[in-house]
Amino acid sequence: MDVEREILETDVLIVGCGPAGLATAYKLATLIEATDGVEMPEVLIMDKASYAGGHALSGAVMDPRGLAELIGDFKEKGAPLEASVTSDEMYILREKGSFKFPFTPPSVNNHGNYIVSLNKLTAWMSEQVEALGLDIFAGLAGFDLLIEDGRVAGVQTVDMGLDKEGNPKSNFEPGSIIKAKVTVLAEGVHGSLARFAREKIPALSAGRMPQTYLTGVKEVWEVPEGRVKAGQVIHTIGWPMPNCEYGGSWTYAMSDRIVSVGFAVGLDSPDPTNDPHHKFQRFKSHPIIRRILQGGTMLHYGAKTMPVAGLHAVPQLYGDGLLMCGDSAGLLNPQRLKGIHLAIKSGIMAAETIVDGLKADDFSATILSGYQRRFESSWVHKELFKTRNFHAGFKGGLYSGLFHGVAQMLTGGKGLFNRRSHKQDHEYVLTKTEFAGKFGHEAKKSELTFDNEYLFDKLTDVYKSGTQHEEEQPAHLVITDPDICNDQCTREYGNPCLYFCPAQVYEMVDDPDRPGQEKLQLTPSNCIHCKTCDIADPYQVIRWVTPQGGEGPNYTNM
């Protein structure tokens, strides 16, 4: 759209108010205060959620190492730690039974860690940042990454006040151009601006393995007294996942009455009906979980993707005018399924690198490459190196993965191979015919009855996410070729988007232009910004773009 846009200029632009972005801002302010001869730069911190932490979701058990390095007195300053971990349990599930591990595997030993609500933690971190005199602009959404002569020059924000066809309404406000000397992308998993960066600057991904993702589906429950004890941690693998798929569950007692429960499902599944939400609800029917939740009240719901390919998929972390942090850079330990501490440390290292740029008045790749060197000599790299082949070890199935996991622990992460996959998640999904030929039965979900008191359908769960979108705006889920969805995908795959989306955004309805046939209908207002569709669509014709600022889920205690 050819409109005149306001141009704002700043020194440092931080996109995303998760742990990585907020850690960057906090560390930068404290470093400048302690550094002679360097003035505090202009810093603009933006987040697409309606409030800082509004889109933040994790299990979450937090390793405190990163936060302790950032804010040594985080306890005294009132960091919202729900409970110290008091016990760990690990089970392999069968449909009606279970096997409890006789010992706690090192990867799920959480001694010294804390159960937290990530959106409460990030809200608290934003208060610490603002106390240092920095402003946070919530509801400001980045739409495009500005590249000038190969250098990242800033961000264009989303146009506000467009109708569904993209025409200006009476309240139209064109997005602004925010120019910055350095842009820090800390926008979370599969961020749209980070995707633009990788597409527009091929060197960022050169020689790297494609990222691999899980979709985690989560509910927070209030349960009757006596069911759990604060700090109790339970993990499971196995049922209802088939042996050929990757994933597992968590149950965390945030208090004696509040429980975080969720299920993470690999998006590299061969099954075109792979449905993380359905698997989660089925998991809740297992006796181990039912005896905790039955009779309780489901309070909150959410879902997000997780980057689990490990070190081999971490991109180059810098470019001219660019730094990438946290989940945007794939910094998550796939063995521990933990990334908060890594995100915070990445923000610390980014801030240290920005100070180098301020001293030299230079934010070229030459100066910002210091971030890569810091990363490669840090405990973050050391931790990820030890788990570099963890996810690849499960390509042969659950029990093969357990075997390889033990081998990796004994060999410092190498295991029996040092393996890199060059396939993206969507390339693993099989057509209906291929699936039936390989597994001897058609791809279909198991039967499940939703009573919406204990087992919830997607729409009921979505309501508990608090998600909101203005209906009268262009769809932020862009289908580049609807004919593929309405014809070819229906015939070959049976429309996987009907299954993998945990928010029922996609639906097949009668097509009035083709009697007896159906077409894909979108309900973008249901979207909870998990990015599953952008990742898992087998034809890659679904593109998630940023909607108006302030929209999406409004998470509470997630």
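Student: Any chance you could break down the overall build of the protein chain for me, citing the residues and the numbers?
Tutor: On a plain count of helices and strands, the protein chain comes out with 15 helices and 24 strands. Relative to a compact globule of 558 residues, whose C-alpha radius of gyration would be 24 Å, the protein chain shows 23 Å and is just as compact. Dimensions of the protein chain, computed from the C-alpha atoms along their principal axes, are close to 65 × 60 × 45 Å. Taking all 558 residues of the protein chain together, the buried fraction comes to 60%. Considering only intrachain contacts with a sequence separation of at least 6, the fraction spanning at least 24 residues in the protein chain is 78%. A distance of 10 Å separates the average location of the 54 positive side-chain charges in the protein chain from that of its 70 negative side-chain charges.

Student: With reference to specific residues and values, describe the packing of aromatic side chains.
Tutor: Applying the stated rule across the entire model yields nine aromatic pairs. Three or more aromatic residues joined by ring pairs form one cluster here, namely Phe99, Phe101 and Phe103. In this arrangement the basic side chain of Lys423 is found over the ring face of Tyr428, its NZ or CZ atom lying 4.3 Å from the centre. It is Lys531 that lies over the ring of Trp544; its NZ or CZ is 4.3 Å from the centre.

Student: Give me the lowdown on the environment of Leu342, citing residues and values where you can.
Tutor: Tracing the chain through its elements places Leu342 in helix H7 (residues 340-360). Sequence spacing of Leu342 and Gly326 is 16 residues, and the spatial spacing of their C-alpha atoms is 6.7 Å. Those residues in contact with Leu342 that lie beyond four places of it in its chain are Leu331, Leu332, Asn333, Trp379, Val380, Glu383 and Leu384.

Student: Lay out the pattern of salt bridges with the relevant residues and their values.
Tutor: Within this structure, the stated rule accounts for 23 salt bridges. Where salt bridges share partners, they join Arg195, Glu199, Asp534 and Arg543 into one cluster.

Student: Account for the sheet that holds strand E14 (residues 213-222), with residues named and values stated.
Tutor: Note on sheets: strands pair through backbone hydrogen bonds, and any given pair is parallel or antiparallel. Spatial strand order, E6-E5-E15-E16-E17-E14-E18: seven strands in an open sheet with mixed pairing. Two strands close off the open sheet at either side, each with one partner strand: strand E6 (98-100) and strand E18 (297-307). Across the sheet, the mean angle separating the axes of adjacent strands is 20 degrees when strand polarity is ignored. Across ten bridges, the pairing between E14 and E18 is antiparallel. From the neighbouring strand, Lys218 faces E18, where its bridge partner is Gly302. Running over the sheet, helix H5 (residues 276-283) touches strand E5 (87-93), E14, strand E15 (232-238), strand E16 (247-253), strand E17 (258-266) and E18 and is turned about 130 degrees from E17.

Student: So what's going on with a nonpolar patch on the surface? Residues and values would help.
Tutor: On the surface, Val406, Met409 and Leu410 cluster together into a nonpolar patch covering about 310 Å² of accessible area. Its place among the elements puts Met409 in helix H10 (residues 398-410).

Student: Explain the pairing of strand E10 (residues 151-157) to me, and be specific about the residues and the numbers.
Tutor: Among the seven residues that make up E10, six are buried, leaving the element largely enclosed by the rest of the structure. Sheet topology places strand E9 (residues 142-148) next to E10; six bridges connect them, and they run antiparallel. In the sheet register, Asp144 faces E10, and the bridge partner there is Gln156. When E10 meets strand E13 (residues 177-185), the two strands line up antiparallel, connected through three bridges. The partner of Gly154 across the bridge, within E13, is Lys179.

Student: How would you sum up helix H13 (residues 482-492)? Please name residues and give values.
Tutor: Residues Ile484, Cys485, Asn486 and Cys489 constitute the buried set of H13. Buried residues in H13 make contact with strand E21 (477-479), strand E22 (506-510) and strand E23 (518-522). In the segment just after H13, Gly494 is the residue with positive phi, at about 75 degrees.

Student: Tell me about the nonpolar core, residues and numbers included.
Tutor: Core analysis: the biggest nonpolar cluster contains 78 residues, and Ile45, Leu185, Leu323 and Phe375 have the highest contact counts within it. Looking at this core, the element that brings in the most residues is H7, giving ten residues. When neighbours within four sequence positions are excluded, Phe375 is seen to be in contact with Leu311, Val314, Leu317, Leu331, Met349, Val380, His381 and Leu384. Core analysis: the next-biggest nonpolar cluster, separate from the first, contains 76 residues, Val61, Ile92, Met241 and Tyr506 among them.

Criteria and cut-off values
- Residues numbered from 1 in each chain as written.
- Predicted model: local features only at pLDDT ≥ 70, side-chain atom pairs only at ≥ 80, totals over all residues.
- Heavy atoms only, no water.
- Helix = DSSP H or I, 4+ residues; strand = E, 2+ residues; numbered from the N terminus.
- Rg over C-alpha atoms; globule rule 2.2 N^0.38 Å.
- Buried < 20%, exposed > 50% of the residue type's maximum accessible area, 1.4 Å probe, protein only.
- Contact = heavy atoms within 4.5 Å.
- Lys, Arg positive; Asp, Glu negative; His and termini not counted.
- Charge placed at Lys NZ, Arg CZ, Asp CG, Glu CD.
- Phe/Tyr/Trp six-rings, centres within 6.5 Å; stacked < 30°, edge-to-face > 60°.
- Lys NZ or Arg CZ within 6 Å of the ring centre and 35° of its normal.
- Salt bridge = Lys/Arg side-chain N within 4 Å of Asp/Glu carboxyl O.
- Pairing = 2+ DSSP bridges.
- Axes fitted to C-alpha atoms, helices over the stretch in contact; angles between N-to-C directions.
- Patch = residues over 30% accessible without salt bridge, like charges linked within 9 Å, V, L, I, M, F, W, Y side chains within 5 Å.
- Areas by Shrake-Rupley, 256 points an atom, 1.4 Å probe, with all protein chains shown as cover.
- Core = buried A, V, L, I, M, F, W, Y, C linked by side-chain atoms within 4.5 Å.

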